[in-house]
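Here's the letter readout for the chains.
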Amino acid sequence: MPEPTSLRLITTSDQRQITERLWQLYLHDLSEFWGSMPGSEGLYKTARLLTYFGDPDRCGYLIYSGQALAGFALIHGLAGELKVMGDFFVVRAARRQRVGHEAAVRVIGLHPGRWAIPFQEENPGAARFWRRVGAQVAAAGREEERRPVPGKPSIPPDTWLLLSSSRA
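Rules behind the numbers
- Residues numbered from 1 in each chain as written.
- Predicted model: local features only at pLDDT ≥ 70, side-chain atom pairs only at ≥ 80, totals over all residues.
- Heavy atoms only, no water.
- Helix = DSSP H or I, 4+ residues; strand = E, 2+ residues; numbered from the N terminus.
- Expected span 1.5 Å × (residues − 1).
- Buried < 20%, exposed > 50% of the residue type's maximum accessible area, 1.4 Å probe, protein only.
- Arc of directions from axis to C-beta.
- Contact = heavy atoms within 4.5 Å.
- Polar contact = N/O pair within 3.5 Å; in protein donor to acceptor, adjacent residues only side chain to side chain.
- Pairing = 2+ DSSP bridges.
- Axes fitted to C-alpha atoms, helices over the stretch in contact; angles between N-to-C directions.
- Salt bridge = Lys/Arg side-chain N within 4 Å of Asp/Glu carboxyl O.

Undergrad: Can you lay out helix H4 (residues 124-137) for me, pointing to particular residues and giving the numbers?
TA: In an α-helix, one full turn covers 3.6 residues, which means residues spaced three or four apart are oriented alike. The terminal C-alpha atoms of H4 lie 20 Å apart, and with 14 residues this matches the ideal 20 Å at 1.5 Å per residue to within 8%. Turning to H4, its buried residues number three or more, namely Ala126, Ala127, Phe129, Trp130, Val133, Gly134 and Val137. The arc enclosing the buried residues of H4, seen along the axis, measures out at 165°, which places them on a common side. The inward-facing, buried residues of H4 contact strand E4 (82-90), helix H3 (99-110), strand E5 (113-119) and strand E7 (158-165).

Next comes the structure, spelled out in structure tokens:
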């Protein structure tokens, strides 16, 4: 039987350091689709990640499967009407065990209302994943749009899943 999935709000410096380490794995996974490479020190850039800490419009959660650390979810737009799933990652060992699905549904349930969830169509696993999550949490219909990635004309546009959720 799979371990229960839980979320822990990222509030401490220790949790931030854990997230920074997971961020390296996340960007490594995405490098297949983005063509990104680590810097000369062997690390991917963390500038975008660091914007999630200390901003009341943003928050993050560490994802656990039982007692095991399994990933993170980073959200922005909390102060406005539209919340955005900025970055979401589940370690490979926890994938296809519903850990990510349960975590995504819970995160969206913690912040009911309008959501935008961008993903890369070129990442077929992510596209299937977010469409399944959207089908479960959407209080009404959902829409999709293709939007260019700001400042990155060389990569394909993102697909944005737009939906409204109610409390889970």
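Now that the structure is up, let's keep going.
Undergrad: Got a sec to walk through the environment of Asp29? Specific residues and values, please.
TA: With respect to the element layout, Asp29 can be found in helix H1 (residues 13-34). Separated by 26 residues in sequence, Asp29 and Asp55 have C-alpha atoms that sit 26 Å apart. At a separation of 3.1 Å, a polar atom in the side chain of Asp29 contacts the side chain of Arg92.

Undergrad: Give a description of the sheet that holds strand E6 (residues 143-147) that names residues and reports values.
TA: Taken in spatial order, the 7 strands make up an open sheet running E1-E2-E3-E4-E5-E7-E6, and their pairing is mixed. Two strands in the sheet have a free side with no partner beyond their single neighbour: strand E1 (5-9) and E6. Across the sheet, the axes of successive neighbouring strands diverge by a mean angle of 30°, strand direction being ignored. Pairing analysis gives 5 bridges linking E1 to strand E2 (residues 58-65), with the strands arranged antiparallel. Residue pairing across strands places Thr5 opposite Ser65, the latter belonging to E2. The sheet strands contacting H3 are E1, E2, strand E3 (68-76), E4, E5 and E7, and the helix crosses E1 at an angle near 45°.

Undergrad: I'd love a proper account of the pattern of salt bridges, names of residues and values included.
TA: For the structure on display, the rule yields 9 salt bridges. For Asp29, the salt bridge is made with Arg92, and the minimal N-O distance between the two is 3.1 Å. Residue Asp29 is found in helix H1, and its partner Arg92 is found in the loop between E4 and H3; the two are separated by 63 residues along the sequence. For Arg92, a relative accessible area of 57% puts it in the exposed group. A salt bridge links Asp55 to Arg58; the shortest N-O distance between them is 3.6 Å. The exposure class assigned to Asp55 is partly exposed, which follows from its relative accessible area of 29%. What emerges from the salt-bridge pattern is a single network uniting Asp29, Arg92 and Arg95.

Undergrad: How would you summarise the environment of Ala127 if you had to cite specific residues and measurements?
TA: Mapped onto the secondary structure, Ala127 falls in helix H4. Each C-alpha atom of the pair Ala127 and His76 lies 20 Å from the other, and the pair is 51 residues apart in sequence.

Undergrad: I'd love a proper account of unusual backbone geometry, names of residues and values included.
TA: Phi angles above zero are rare outside glycine, and Arg96 is one such case at about 60°. You can see Arg96 is positioned in the loop between E4 and H3. One non-glycine residue, Arg98, adopts positive backbone phi at about 70°. Relative to the elements of secondary structure, Arg98 occurs in the loop between E4 and H3. Residue Arg98 is classed as partly exposed on the basis of its relative accessible area of 48%.

Undergrad: Lay out the pairing of E3 in plain terms, naming residues and giving numbers.
TA: Pairing of E2 with E3, which is carried by 8 bridges, proceeds in the antiparallel orientation. Among the inter-strand pairings, Gly60 is bridged to a residue of E3, identified as Leu74. Turn length for the E2-E3 hairpin, with the two strands adjacent in sequence and antiparallel, is 2 residues, and the turn residue Gly66 shows positive phi of about 65°. Here E3 runs beside E4; their pairing, made up of 6 bridges, is antiparallel. Across the sheet, residue Gly71 finds its bridge partner in E4, namely Val90. Hairpin geometry of E3 and E4 is characterised by an intervening segment of 5 residues between the two adjacent antiparallel strands and by a positive phi of about 90° at Gly77.

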